[in-house]
Amino acid sequence: MLRALVMTAHDVDLKIINAKVPFVSEIEPNNLVECGIAINDGLIEQVAKPDNLPKSDEVFDAKGMVVLPGLVDVHAHLRGLNLSYKEDFDTGTMAAVAGGITTVLDMQNTDPPTINPENLKAKKESAKSKIVADVGFFSSIPDDLINDLPKMIDLGIAGFKIYPLHPYTKYDIYDRDTVLEAFLKLSGCKLPICIHAIDVSSKSIKSKNKGALEQDFGSDEITNFLNKHPPELEASAVKFYSEIAISAGVHIHISHLSSLKSLEIFKLGLKHIRDKKNGLFKITADVSPHHLFLTKEELKRRGAFAKMVEPLRAKEDNDILWHALKCGTLNIVASEHAPHPKQEKEKSFSEAPSGVPNLETMLPMMYTEVLEGRLTYKRLIEVCSENPAKVFNLEKKGMIREGYFADLVVISNTNEKINPDNFFSKAKHSPFDGRIIKAKPYATFLRGVKVYEDGEILAKPGCGNIIRPFH
Ligand code: NCD
Ligand code: ZN
């Protein structure tokens, strides 16, 4: 299994020794192998038993800790520019590497929003001297699609995002003809189109749903919020976009899929592909940690500190999402890190903004599932690192494999409560505040450079790269 390699003629930049690295398969999904990793020029050169590793002046002793591929987070709001009071590229990527995440794809809903080449350039310019993780950028579908698409591709966008609840361009609209027009224009470019699935056209379902929710929550702000975002409207949007994507032959990626109802519609899309009717149509989806671990009961307990869109759902939704994640139906876990200052979250429930930070809690929460036997190493790595890199075409990312980037996270066991006061993120609160975690990142390497160790950021600002998908 390990390669006792061909003599390496030269010394390498860094060796990680005494590591446990997952060598997993269908038959052995939890197989950890004691070995070392040789790193040169930012790439993994060799994974082998210590005696077979080349020489290196620099050695990191993992002291028996598990080393995983750095996580690839395909949904984070790093903010910056005029929203840097909420989060900036330095604090957001510091939070990422402290959370074991080495690659982050940033969302478009910033100020100024990422909607055209000029704004994207300004964002990249601001980010490049600050980031300590690798970062890619999503954009809204630009208004001037014909002229701007080649420029956006040239600038390396990771994909598009559609968000009809807060429209940024004319394509953030819930209108079949307009969306089809956009999808047809995008069909050749092979970039995923992320969908915040929300049907803004229907009012009827809201009132139909009202009775049941009021029984649960009482007639208050929280009930109104849940009434505004029922699972039915999410599912109806998944159907709406899937059908248009099938007609146009594009890849849509459903962001933070949160409910049983949406999952059922999503599966119809997968069936369409299995039946080989798809042409160029492709559908993938991610789920966020809060939709796996928390129910809407948490909203009653924590109020706005557990407010996000899509909102928390029922226990049966959590359970079915876990099942879909474990059996391979859902592809990815993404943080949906959406930071807002504590003071903004302390406003009344209706006034407080939606969104919760997650960069520093995602891996500890997911890894605790592995330690408690509910998730395999194999699936953890697939949904947090490997699949995100594959779905978004990020080259040499997401796996511990020779020739891949040495993006690595070393994990230590612990038994402590999540404490948002310790976050590097500017958003020092969390709906996971006080939850017990059994593991956390001890050290993080980005392309072979140790960027985080034992609670401290070691990286120089700007050491992260702005990345682009591989076509
Ligand atoms: C996001 C944010 O804060 O930017 N909030 C959220 O609740 N998810 C916006 C979004 O992605 O919908
Ligand atoms: Zn988001």
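Placed above this text is the structure.
The following refers to the structure shown.

Now for the sheet that holds strand β8 (residues 134-139). Within the open sheet, the eight strands sit side by side as β6-β7-β8-β9-β10-β11-β12-β13. Their pairing is parallel. Each edge of the sheet is formed by a strand with only one pairing partner; in this case those strands are β6 (71-76) and β13 (332-333). Contacts from helix α14 (residues 377-391) reach β6, β11 (251-254), β12 (282-287) and β13, with the element oriented near 65° to β6.

A few words now on the pattern of salt bridges. Within this structure, the stated rule accounts for 29 salt bridges. In this structure, glutamate 125 engages lysine 128 in a salt bridge whose closest nitrogen and oxygen atoms are separated by 3.2 Å. Residue glutamate 125 and its partner lysine 128 are located together in helix α2 (residues 117-128), separated by three residues, close to a single helical turn. On the basis of relative accessibility, which here comes to 46%, the residue lysine 128 falls in the partly exposed class. Here lysine 390 makes a salt bridge to glutamate 386, at a shortest N to O gap of 3.0 Å. With lysine 390 and glutamate 386 both in helix α14 and four residues apart, the pair spans about one turn of that helix. Judged by relative accessible area, lysine 390 falls into the partly exposed class, the value being 49%. Glutamate 386 sits in the buried class, given a relative accessible area of 17%. Shared partners join several salt bridges into a network, and the residues in it are Glu26, Lys378, Arg379 and Glu382.

Moving on, we get to the pairing of strand β9 (residues 159-162). Within a regular strand, the side chains alternate between the two sheet faces. Here β9 shows two buried faces, one formed by Gly159 and Lys161 and the other by Phe160 and Ile162. Here β8 runs beside β9; their pairing, made up of two bridges, is parallel. In the strand pairing of β9, serine 139 is matched with phenylalanine 160. What joins β8 to β9 is helix α3 (residues 145-154), and the crossover it makes is right-handed.

Turning our eyes to something else, we now look at a negative patch on the surface. A cluster of acidic residues, Asp11, Asp13, Asp41, Asp57 and Glu58, forms a negative patch on the protein surface. Secondary-structure assignment places aspartate 11 in the segment before β1 (12-22).

Our focus in this paragraph is the coordination of the zinc ion (ligand 2). With distances of 2.0 to 2.1 Å, the protein atoms coordinating the zinc ion (ligand 2) are His75 (NE2), His77 (NE2) and Glu336 (OE). All donors of the zinc ion (ligand 2) come from a single chain, and their spacing in sequence reads H-x1-H-x258-E. Linking histidine 75 in strand β6 with glutamate 336 in the loop between β13 and α12 (342-345), this pair joins segments that are 261 residues apart in sequence. The class of histidine 75 is buried, set by a relative accessible area of 1%.

Attention now goes to the site of ligand 1. Within the structure, ligand 1 sits among His77, Arg79, Asn109, Tyr163, His196, Met308, Val309, Glu336, Ala338, His340, Ser354 and Gly355. Histidine 196 has a polar side-chain atom sitting 3.4 Å from an oxygen atom of ligand 1. Within the side chain of histidine 340, one N or O atom sits 2.9 Å away from an oxygen atom of ligand 1. A total of 310 Å² of accessible area belongs to ligand 1 in isolation, and the protein chains cover 95% of it.

With respect to the helices, strands and loops of the structure, lysine 307 is situated in the loop between α10 (297-302) and α11 (315-326). Within the local environment of lysine 307, its side chain forms a polar contact with the backbone oxygen of phenylalanine 349, the two atoms lying 2.9 Å apart. A polar side-chain atom of lysine 307 sits 2.6 Å from the main-chain carbonyl oxygen of alanine 352.

Procedures and definitions
Throughout this document, residue positions are counted from 1 along each chain, in the order its sequence is written. Labels follow written order: the first chain is A, the first ligand is 1, and so on. In view of the model being predicted, local features appear only for residues whose pLDDT reaches at least 70, and side-chain atom pairs are presented and counted only at 80 or more, with totals across whole chains, interfaces and linings using the full set of residues. Neither water nor hydrogens contribute to the side-chain values; these are computed over all heavy atoms in the structure. Whether two strands pair comes down to DSSP finding at least two bridges between them. Counting from the N terminus, the helices are DSSP H or I runs at least four residues long and the strands are E runs at least two residues long. Residue contacts follow a heavy-atom distance rule, with two residues in contact if any of their heavy atoms lie within 4.5 Å. In this description, a line fitted to the C-alpha atoms serves as the axis of each element, helices being fitted only across the stretch in contact, and the angle between N-to-C directions of two axes falls anywhere from 0 to 180 degrees. Salt bridges are counted wherever a side-chain nitrogen of Lys or Arg sits within 4 Å of a carboxyl oxygen of Asp or Glu. For every residue, the accessible area (1.4 Å probe, protein chains only) is compared with the maximum for its type, and the residue is labelled buried under 20%, exposed over 50%, or partly exposed between those bounds. The handedness rule is simple: strands pointing away from the viewer, and a clockwise path from the first strand over the helix to the second, make the crossover right-handed. Each patch is built from salt-bridge-free residues with over 30% relative accessible area, joining like charges within 9 Å and nonpolar side chains (Val, Leu, Ile, Met, Phe, Trp, Tyr) within 5 Å. To measure how exposed things are, a 1.4 Å probe is used in the Shrake-Rupley method; for residues, cover is taken only from the protein chains shown. This count recognises Lys and Arg as positive and Asp and Glu as negative, with His and chain-terminal groups excluded. Lys charges are placed at NZ, Arg charges at CZ, Asp charges at CG and Glu charges at CD. Only nitrogen, oxygen and sulfur atoms count as donors, using a 2.8 Å cut-off from the metal that widens to 3.2 Å for Na, K and Ca. Water is left out, so coordination shells may look unfilled. For each residue, the test is whether any non-hydrogen atom lies within 4 Å of the molecule or strand; if one does, the residue is near. In protein, a polar contact means a hydrogen-donor-capable atom and an acceptor-capable atom, both N or O and within 3.5 Å, with residues adjacent in sequence counting only if both atoms are side-chain atoms; elsewhere, any N or O pair within 3.5 Å suffices.

Remember that the coordinates give geometry; whether it matters functionally is a separate question.
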